[in-house]
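Listed below, chain by chain, are the residues.
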Amino acid sequence: MNASLKVQHVKHQVDPVVRSNLDFKLNEVPRFWFGGDPFKTRMFDALSLTFPVGERYFIQSVRALRDKINDPELQQKVADFIKQEAQHGIAHDKMNEEMKRQGMPVDQFVKFMTAHFDYILKNRSKQYNIAMTAAAEHLTALMAETFYSQKETLAEVHPFVRALFAWHAIEEMEHRDVAFDVMQQVGEVPENLRKFALAFTTIMMFGFTFYRTNIMLGYDGFSRLERAKMAVRGLPWFFGKQGKLSAMREQYMDWFKADFHPSQHAVIRQYQVWVDTLAATDDPIAAGEAFWQAAV
């Protein structure tokens, strides 16, 4: 075999499907919905906070290059990507409303994030923005796999929240390659920018997630010392040697390979369980529960 030939990777792809008006009954969810653990709850809440504004940024980054796309299949995927991301924003806006009802400074966070994304859309190149979007999509698809591949990971999460994130995970799997393909086919993004984008997005995403977690726990009434102790106990669950996010390091690092494509990673094993259950019941909570129950 010629050593100069690239390895032919198996592609694992599913097409985006637009689903709307899904009700996750978030108004019935308790304040600390992750097994009564304030730190884990607020870490996920802080991550959820970014989705409505972040996904509107993703939509605009992809739209900025849409007129350059000649492939009709990719054009259709972009259209479905935009619709899916819009629905994610609506669902997580509802979660944000629940956080506001609990007294969290949601408007303050959203105002800052909106200004940040508006600034980079205006002052950074289309290449920069599509690279950041593709990198963020890679990261969220990996988180979807990480949190749902093993049943014990989210065993203590309230079923309604678990169902919301399950639906989001499913659709991240479906459109994980769309922004990447736009970047690759028409984005004219240099390799060094593509690689930088993931490292920078990771630092920004988790840095601000932890910052917002700390602020929200303060609004919950916990002292600085109590919050520090929570962080010492709670962060290893996410980032420790056996941490849930640490487990995705190998797939994460695949991004930095020259021939990487998101479809090289298998779609989560129980994907079809969620799809079939939703089709049978028209209930996203039942689908989320079946999806979680089908994990290892």
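See the structure above.
In this text, all values refer to a predicted model and were calculated from it rather than measured experimentally. (Residues numbered from 1 in each chain as written. Predicted model: local features only at pLDDT ≥ 70, side-chain atom pairs only at ≥ 80, totals over all residues. Heavy atoms only, no water.)

Enquirer: How would you explain unusual backbone geometry if you had to name every residue and give the values?
Expert: Phi is positive for K25, close to 50°, though the residue is something other than glycine. Topologically, K25 is positioned in the segment before α1 (38-63). By relative accessible area, K25 is classed as partly exposed at 37%. Backbone geometry at D282 places phi at a positive 55°, although glycine is not the residue there. Here D282 is to be found in the loop between α10 (271-281) and α11 (284-293). (Helix = DSSP H or I, 4+ residues; strand = E, 2+ residues; numbered from the N terminus. Buried < 20%, exposed > 50% of the residue type's maximum accessible area, 1.4 Å probe, protein only.)

Enquirer: Summarise empty space enclosed by the protein; cite the residues concerned and give the values.
Expert: In this structure the tally under the stated criterion is three cavities of 30 Å³ or more. Here the largest cavity is characterised by a volume of approximately 150 Å³. Forming the boundary of the largest cavity are 13 residues, of which T140, M143, A144, F147 and F165 lie nearest the centre. Elements with a contribution of two residues or more to the lining of the largest cavity: α1, α4 (126-148) and α5 (159-175). Of all the elements, α4 adds the most residues to the lining of the largest cavity, at five residues. Broken down by class, the residue content of the lining of the largest cavity amounts to ten nonpolar, two polar and one charged. (1 Å grid on protein atoms, 1.4 Å probe; cavity = no way out; pocket = protein on both sides within 12 Å on 5 of 7 lines; lining within 4 Å. Points joined across faces, edges and corners; volume = space filled by probe spheres on them. Nonpolar A, V, L, I, M, F, W, Y, C, P; charged D, E, K, R; others polar.)

Shape descriptors only; they carry no functional weight alone.
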